[in-house]
Amino acid sequence: QVQLVESGGGSVQTGGSLRLSCAASGRTFSNSVMGWFRQAPGKEREFVATITWTGSTTSYGSSVKGRATISRDNAKNTVYLQMNSLKPDDTAVYYCAGGSAYSPWPGQYAYWGQGTQVTVSA
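Anyway, here's the lowdown on the structure attached to this text. In this text, all values refer to a predicted model and were calculated from it rather than measured experimentally.

1. Notes on the environment of glycine 10
Here is step 1 of the chain: Locating glycine 10 in the fold gives a position in strand E2 (residues 10-13).
Here is step 2 of the chain: Classification of glycine 10 as partly exposed rests on a relative accessible area of 23%.
Here is step 3 of the chain: The residues contacting glycine 10, other than those within four sequence positions of it, are Leu18, Gln117, Val118 and Thr119.

2. Let's talk about the state of the cysteines
Here is step 1 of the chain: If you walk through the whole model with that rule in mind, you get one disulfide.
Here is step 2 of the chain: Between the sulfur of cysteine 22 and that of cysteine 96 lies a disulfide, 2.1 Å long from S to S. Note on the cysteine 22 and cysteine 96 pair: the S-S dihedral is about -80 degrees, so by sign convention the disulfide is left-handed. Within this pair, whereas cysteine 22 is found in strand E3 (residues 18-25), its partner cysteine 96 is found in strand E9 (residues 92-99), the two being separated by 74 residues in sequence.

3. What to know about the sheet that holds strand E1 (residues 3-7)
Here is step 1 of the chain: Read from one edge to the other, the open sheet built from four strands follows the order E1-E3-E8-E7, with strand pairing classed as antiparallel. Both outer strands of the open sheet, E1 and strand E7 (68-73), are each paired with one neighbouring strand and no more. Between one strand axis and the next, the sheet turns by 15 degrees as a mean value, whatever way the strands run.

4. Some details on the side chain of aspartate 90
Here is step 1 of the chain: When you line up the elements, aspartate 90 lands in the loop between strand E8 (78-83) and E9.
Here is step 2 of the chain: You can call aspartate 90 buried: its relative accessible area is 1%.
Here is step 3 of the chain: Engagement of the side chain of aspartate 90 in a polar contact is seen with the backbone nitrogen of lysine 87, the distance being 2.7 Å.
Here is step 4 of the chain: Ignoring sequence-local partners within four residues, the contact set of aspartate 90 consists of Arg38, Arg67, Met83, Ser85, Val118 and Val120.

The rules behind each value
- Residues numbered from 1 in each chain as written.
- Predicted model: local features only at pLDDT ≥ 70, side-chain atom pairs only at ≥ 80, totals over all residues.
- Heavy atoms only, no water.
- Helix = DSSP H or I, 4+ residues; strand = E, 2+ residues; numbered from the N terminus.
- Buried < 20%, exposed > 50% of the residue type's maximum accessible area, 1.4 Å probe, protein only.
- Contact = heavy atoms within 4.5 Å.
- Disulfide = S-S within 2.5 Å.
- Pairing = 2+ DSSP bridges.
- Axes fitted to C-alpha atoms, helices over the stretch in contact; angles between N-to-C directions.
- Polar contact = N/O pair within 3.5 Å; in protein donor to acceptor, adjacent residues only side chain to side chain.

The structure is reproduced here in structure tokens:
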């Protein structure tokens, strides 16, 4: 089983940047597809990005494409999400997730972190 712990969230102004990290424990991390999702109050969980276990293939949600970069370091058991040009609409709790399917659907991910809050002020 994989346990995930996110960090790096915080408060930034519009146009700012944040780098989120997700540290994983467990021997299956390097074989897992990893994803980032976010959920704002009163809204459904939204796909942000996903990356294959090799790191060679990535995919992004339409609302963050061009502003987000997902990457992973299997030697450090860590996946990252770099977010640039942040907007107030990016305000949400950001979750790291792991699974076996390369997918934008949260139901395809078996492991979830506790989330980290990102707040973007105008």
